[in-house]
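Listed below, chain by chain, are the residues.
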Amino acid sequence: RSRRVTLPDALQIAITNSRTYQLSKEKLYLQALTLTTDRDKFSPNFANTTDATTERQSSGKHTREFKNSLTFSELLQTGAKISATLFNDVLRYYTGSGAPKASTTMSVLLTQPLLRGAGAETVAEALTQAEREVIYKVRDFTHFQNSFAVDIVGSYYRILQQKDAVRNAFTNYTNLVLSRQRAEALSFDRLPAFQADQARQDELRAKSTYIL
């Protein structure tokens, strides 16, 4: 079963099966992932933890304690890091009765480097460099895509030209077969024998051109 491959089909097939294209695309993705990681350092981060413990006292009472903490932290471009933690502690005594006791505390911590790693330019240097690298990779990948597409389009049209050349060679060969058959039929009484020989030679040359 034959299938007509259009130019968009040829480009899609080439992209899917080209290891070079896929590798270039993967490098761009990894560079963008690096930028995302660096940007995430300057984004608010939240963490939530919960612990539950049960103890039996000498009096026979059981205590169950639930500790829950919610932490927020963010790295600022000045190099400072701010974090806040909210603690929620629920303590319950139970021997069949008893009400829970709850306490909530909050702590805030601010750290600011004074020597190494201090300053907005120093802290944001990795992020700035990652942004530049992504721009460079996008530019390089775009250039690669254009060159890749031009090569595929050129190859596609060269194949079409070769297809036309083969079709024309085959048509010429079939025409010369008919000419040779006609010359052989007429060589008995109307044409000289050398014309039939010439027709055979033309047919053989055309066949050789078509096969090669």
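Use the structure listed above.
Everything numeric here is computed off the predicted structure, so don't read it as measured data.

Trainee: What is the right way to read the pattern of salt bridges from this model?
Mentor: Scanning all chains against the criterion turns up 5 salt bridges. Here Arg180 ties to Glu203 by a salt bridge, and the two come within 2.5 Å at their closest N and O atoms. Of this pair, Arg180 sits in helix α4 (residues 125-186) while Glu203 sits in helix α5 (residues 193-211), placing them 23 residues apart in sequence. The pair formed by Arg180 and Glu203 is uniform in burial state, with each residue classed as buried.

Trainee: Would you mind going over a nonpolar patch on the surface with me for this structure?
Mentor: A surface patch of nonpolar side chains, amounting to about 370 Å² of accessible area, comprises Val166, Phe170, Tyr210 and Ile211. Listed by contribution, the elements that provide at least two residues to the nonpolar patch are α4 and α5. Looking at where Tyr210 falls in the secondary structure, it is placed in helix α5. Taking the relative accessible area as the measure of exposure, Tyr210 reaches 32% and is therefore partly exposed.

Analysis parameters
- Within each chain, residue numbers correspond to sequence positions counted from 1 in written order.
- Only residues with pLDDT of 70 or above have their local features reported here, since the model is predicted, and side-chain atom pairs are shown and tallied only from 80 upward, although totals for entire chains, interfaces and linings are computed over all residues.
- Only hydrogens and water are set aside when side-chain values are computed; all heavy atoms of the structure are taken into account.
- Basic side-chain nitrogens of Lys or Arg form a salt bridge, by our definition, when they fall within 4 Å of a carboxyl oxygen of Asp or Glu.
- A run of H or I in DSSP becomes a helix once it reaches four residues, and a run of E becomes a strand once it reaches two; helices and strands are each numbered from the N terminus.
- Per-residue accessibility, obtained with a 1.4 Å probe over protein chains only, is compared with the maximum for each type, and a residue is labelled buried under 20%, exposed over 50%, and partly exposed between these values.
- What makes a patch is a set of residues exposed beyond 30% relative accessible area and free of salt bridges, joined within 9 Å when like-charged and within 5 Å when nonpolar (Val, Leu, Ile, Met, Phe, Trp, Tyr).
- What sets the accessible areas is the Shrake-Rupley method with a 1.4 Å probe; for residues, cover comes only from the shown protein chains.

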